[in-house]
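# Commentary on secondary and tertiary structure
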Amino acid sequence: PQQLPAQQQQQQIPPHSSDPEQELPRVLLALQTVYAPNASHNPSVHNAILTGSGGSSPFSRRDLADRYLTSFQRTPVAWIVCDRLLSTADVMQQPQQIEDSTLRTQRQFFAAQTLHAKCRCDVLQLPPSSLPSLRDSLLRHFIEHASDSIRATLENRPPNRPLVTRLGMTIASLAVQMSWITCLSDVTENVLKPHPELAPYVLEFFRSIPEEADSDRLVLREEEDLWAYRDHLRNSAHVVLGLCEHAVRSCDANKDMATAEAVLSCMQSWIRIVDMDPGLLERTMLLPWMFDLLAGGSANGGFEMAVDVLVELLRTYPSDWKRNEGLVRVIIPRVMALGGGDMSPFEKAVKEEDEDGMRGYCRIFTEMGESYLSLILSHEEMNQQALVELVLRCSAIPDKEIAGITLHFWYRFVIGLEDLEPYEYRQIRIDSFSPQLIRLLSICTHLLRYPDGVDDLSPDRIDDIEGVRYYFADTIEDCCRLLGGEIVLKNTGDQLQEECRRVACLPQERQLSDWHGIEAFLYAIQSISMYVPSDEQRIIPFVMNLIPQLPTEVPLLRSTACVTVGKYAAWLGAHPECLQPLLPYLAQGLSIPKCASASAVAIREVCERCQCLGDAVLQLYDGIVAARELHRGSNSGGDEFILDLKNELEVLEGVCKAISHKLKDDPSISQDIISGYINRLAQPVIVSLKAMAPPENPASPKQISSEVSRLTVLIQHLRLPRPSPQLAPEVLNRSDFILSLMQETWPVLDAVSQKHPRDFNCAEKLCRLHKHALRECGAVQYTPMLDPLIEQIVKRFSQSLLSPYIYLSSVCISEYGRVPAHSQRMYDMVAKISSTVFYAFRGTDDFIANPDVVEEFFFMASKMVYYCPGPLIQSNLLNSMLQCAAVGMKLHHRDANRGTMNFLESLVSYGLKLRSTPSLDSMEQANRDALERAIYVEGQPLVVNLAQSLLGDLPSYRLDSGSGSIAGVLFFLNKLCPDLLMQWIQPPLMPAPDHAKNVFLGSLANQVDRDNFNSSVRKFTSVCERSRKRQGNTGEDSGNTQ
């Protein structure tokens, strides 16, 4: 027989046995192969395992053994085998042999891990009567391995703590499954009392109990049992706190860090998950004990974990819940003691530059500020400024990562102040906090500074710094919302002027390197631009005069200066006298790679807001075009032009807007001048495209796409006057300009589109050009180009099978579909595209390989149904589309599925609209009859697919979304043809759980409203998903069990 290629060969794993005595040695051998391949140097051990497994090793490769173990974990026999593997004795029952310690550790952890997963998902493999014995066995293993870990510590060997932790998680998961409501008291009585030394491990197990009850991986027999179990945990919280208190009292928890950390970890889990009575926490001695740990600083063990617990406590019990009042009163003075005064633990951490301590206290104060915000904003005077002051001192920590922890508090603080009512009280509170907000401004501005040596940092590190700066600038902007832009600008501007004076006093050689402060103030000023009025006369003139004088050799400073110019474009529009020195400054920045993007965007923004730049920026762009052409003519090495396309397009957009302003402001301008502007902008692009058109020109897809993008920007942003009675007949209007430009370039666009017919980027840029030309010109004025455009779409799509052409066809349908004179044209276009799709997509693999085409094809079909349904619905093409949709629904691709479902929902809802209309004309009646015939013939496979999606056998990306979803299609089908739907959907839903299925079918039969139906669909799919998990984990894989 002919050998298969190596990549197609995958050795079959040996079959599993239902006999534990046969399965155990195979699992041991697989574990040895995976985890301890060198253990076979001990022949006696290896031979003992081989004897148990039949005398020969079935695992020639590590990946084969790994697949065997993964498969084994799902089998019912794994329960017994893993119980044996957990034993500390030799599992082969040959005490004279010495098992490799690595293998023993790994097989025990593998067993615990497997049992944990099975206790979460596979308990249905066992009869309920066997669960108590399983629990007792797991408890014995837990005691045995926890005791061994204690001995290991005394004997100076590493304890197997991960194994004990995993066993605790396993027991906790089983406790949920069997509703073991006496778990806490039973373990305390039967484990902790006889073995008090195991307290840290028992507490770790108690920590796992709420975590396992909260896990979304649990597969339960009855969901209601879980809620009852969680209620019991809430009622048992006092037991856990009592055990934690006993553990702290019975040993010196300040020295016994294992016990202290176990107590804190247990507390955090129960506080986070279990809705404990705050009165319990208010009265427990654990609270003062925890604050004692925090007061000792980060050098003490357990500090970080105590921080985590307190942060969780503050977050879970905020001050705006009345039931938390007592707990809040207990916490506030203790937290304030951590930060109040020069000798406080927080001040000590700041003085000693203790990073862990500062971070911990910062987290506590910030979380307290957020959780107790209702008290900070309260009418009652409670010295609220003290807590805000603590957070402010944290913001002033030089470490930006630590200071950044506070920023979310300031965001919420600002929102809280803004929401205060009435206005008079709001202003009183804002005024009371104004001194702190102004200090916050100075702190944030200082934190905006780049670090020394920033030029030597990696791009990734600079990106991280920019992200942090963005958040600090956001906080400065938040302050503007309370203090007003003028106050913030004055504060920041005064500091900028002071910084400029300081730098000016430095020696000349130092001035160039000491730019960080000026840059930070400019960055702060640019971030508040939207709050600065256009008549500001003090700070912004100083800034605009300063910018051209800044050193040109510092790219980061120059980039920030350029952005600042762009942000204040509206101010510059009101002060055009300040523009003259700035435009050359921006233009020079285009030639500096690190400043080019900021300069280009600033030029665009200035052109957009300033009315007097038309000729100046057009001259600038002429220079860019000339330099580009010179570079293109002289460049033989393939070097990139100094200004990349993205930045050039920003400048071109700005030039178009500046020229548009000029033409708008001067309606008497002559046609010759307008033509001159158009030629200066358009002719370089047209010339380049004509040069690329001949077949012998080896223009690359990137070159073609660049010229097409330039042409698109011209059409989008060069806004000549629209046709109007006031416009002189001889003056070129916008629609005529676009039409003439497209007519002139059509032959070359057609030629260049054939050079790289299957290049997606080229196709996308061309289609984008046609879309904007059509929409900017107007459908009526663009009608002369419609037939050539349709021909272009059909021809290019048949050559390339690229989705942008289908998208462009959808644009045509949106613009012309409602016009009866064009509806047949639209149908003919869709029919030709559909013919290409049906011919190319012969099987499921073709659909899978082209999900974007599937998506756009069905969106195009939806457009036809919405804008001009008649020709499509009354043709045989509709049946073919429905057959195609039955395949598209099966694709595991979100966007393709979205397009398919959108088409189906649009089609069925249109049918329902016709059905509910009281009087139809002959065309609408024909549409209704044809659509109902198509649904009758092709509807059943679609409904079967929908049912399988609900069951989870097919994708369900669009369950109940607004536009195109499973629920939407079923809802409208149920309104349109309820009897047919019920007939079609019942058979494929047979595997669903009976109760859930009956409820869902009842919602169909009762024709509930859309919201209730969506809810019914969600509940049904949720039940089906859990059912699939249960069925998938029963282990009844008879084909793989001998």
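For the structure, see preceding data.
Residues numbered from 1 in each chain as written. Predicted model: local features only at pLDDT ≥ 70, side-chain atom pairs only at ≥ 80, totals over all residues. Heavy atoms only, no water.

## Quick notes on the nonpolar core
Residues F413, Y782, F903 and F1000 are the most contacted members of the largest nonpolar core, which totals 345 residues. Those residues in contact with F1000 that sit more than four places away from it in its chain are L950, L970, I985, L989, F1013, S1016, V1017 and F1020. (Core = buried A, V, L, I, M, F, W, Y, C linked by side-chain atoms within 4.5 Å. Buried < 20%, exposed > 50% of the residue type's maximum accessible area, 1.4 Å probe, protein only. Contact = heavy atoms within 4.5 Å.)

## Topic: helix α40 (residues 803-816)
The end-to-end C-alpha distance of α40 is 20 Å, a good match for the 20 Å that 14 residues give at a rise of 1.5 Å each. S803, P804, Y805, I806, L808, S809, S810, V811, C812, I813, S814 and Y816 are the residues of α40 that are buried. Turning to α40, the residues buried within the fold contact α38 (760-777), α39 (786-800), α41 (820-840) and α43 (851-867). (Helix = DSSP H or I, 4+ residues; strand = E, 2+ residues; numbered from the N terminus. Expected span 1.5 Å × (residues − 1).)

## A closer look at the pattern of salt bridges
Tallied over the entire structure, the rule returns 56 salt bridges. Notably, a salt bridge pairs R234 with D231, separated by 2.8 Å at the nearest N-O pair. Here the residue R234 and the residue D231 both occupy positions in helix α10 (residues 223-235), the gap between them amounting to 3 residues, near one helical turn. Owing to a relative accessible area of 34%, R234 belongs among the partly exposed residues under this scheme. Under the relative-accessibility criterion, D231 is labelled partly exposed at 36%. Because the salt bridges share partners, they merge into one network encompassing R604, E608, E650, E653 and K657. (Salt bridge = Lys/Arg side-chain N within 4 Å of Asp/Glu carboxyl O.)

## Description of the packing of α40 against α43
Each pair of packed helices can be described by the angle between their axes along with the distance between the axes. One can describe the packing of α40 onto α43 by two numbers: an axis separation of 9 Å at closest approach and a directional angle of 10 degrees. Considered as vectors, α40 and α43 are oriented roughly parallel to each other. Along its contact with α40, which presents S803, I806, Y807, S809, S810, I813 and S814, the element α43 presents D852, V853, E856, F857, F859, M860, K863, M864 and Y867. (Axes fitted to C-alpha atoms, helices over the stretch in contact; angles between N-to-C directions. Parallel < 35°, antiparallel > 145°, perpendicular 65-115°, else oblique.)

## Describing the environment of Q683
Looking at the secondary structure, you find Q683 in helix α35 (residues 671-692). Using a relative accessible area of 28% as the deciding quantity, one classes Q683 as partly exposed. Here the alpha-carbon distance between Q683 and Y531, two residues 152 residues apart in the chain, equals 42 Å. Leave out the neighbours within four places in its chain, and Q683 touches I678 and E744.

## Quick word on the environment of Q177
Inspection of the secondary structure puts Q177 in helix α7 (residues 161-177). Contacts of Q177, omitting those with residues within four sequence positions, involve C119, R120, C121, V123, L218, V219 and L220. There is a polar contact of 3.0 Å between the side chain of Q177 and the backbone oxygen of C119. Separated by 3.2 Å, the side chain of Q177 and the backbone oxygen of V219 make a polar contact. (Polar contact = N/O pair within 3.5 Å; in protein donor to acceptor, adjacent residues only side chain to side chain.)

## What to know about the packing of aromatic side chains
Summed over all chains, the structure comprises 22 aromatic pairs. Geometrically, the ring pair formed by F409 and F413 is stacked, given 5.5 Å between the ring centres and 20 degrees between the ring planes. A residue pair is termed a helical-turn pair when its members lie 3 or 4 positions apart in one helix, as F409 and F413 do in helix α22 (residues 407-418) at 4 residues. The burial state of F409 is the same as that of F413; both residues are buried. With centroids separated by 6.0 Å and ring planes inclined at 55 degrees, the aromatic side chains of Y450 and W515 adopt a geometry described as tilted. Pair noted here: Y450 is in the loop between α23 (423-447) and α24 (459-483) and W515 is in the loop between α26 (508-511) and α27 (516-527), with a separation of 65 residues, a long-range link. Here Y450 matches W515 in class, with each residue buried. An aromatic cluster is defined as three or more aromatic residues linked by ring pairs; in this entry it consists of F971, F972, F1000, F1013 and F1020. Across from the ring centre of W180, 4.8 Å away, lies the NZ or CZ of R135, which sits over that ring. Geometry around Y523 places R469 over its ring, the cationic atom sitting 4.0 Å from the centre. (Phe/Tyr/Trp six-rings, centres within 6.5 Å; stacked < 30°, edge-to-face > 60°. Lys NZ or Arg CZ within 6 Å of the ring centre and 35° of its normal.)

## Quick look at the state of the cysteines
Within the structure shown, the criterion is met by 0 disulfides. For the unlinked cysteine C82, the closest cysteine sulfur is that of C119, found at 10 Å. A residue is classified by how much of its surface remains accessible, and C82, at 0% relative accessible area, is buried. The structure places no disulfide on C444, whose sulfur is separated from the nearest cysteine sulfur, that of C479, by 6.4 Å. (Disulfide = S-S within 2.5 Å.)

## Here we look at unusual backbone geometry
A cis amide bond, omega 0 degrees, links E421 with the succeeding residue P422. When you line up the elements, P422 lands in the loop between α22 and α23. Located in the positive-phi region is S179, a residue other than glycine, with phi close to 50 degrees. Mapped onto the secondary structure, S179 falls in the loop between α7 and α8 (183-192). Unusually for a residue other than glycine, N383 sits at a positive phi of about 60 degrees. Examined against the element boundaries, N383 turns out to sit in the loop between α19 (373-376) and α20 (384-395).

## Things to note about the side chain of S688
Turning to its location among the elements, S688 is positioned in helix α35. Assessed through its relative accessible area of 6%, S688 is described here as buried. Contacts of S688, omitting those with residues within four sequence positions, involve E629, R632 and E707.

Shape is all these values report; function is a separate question.
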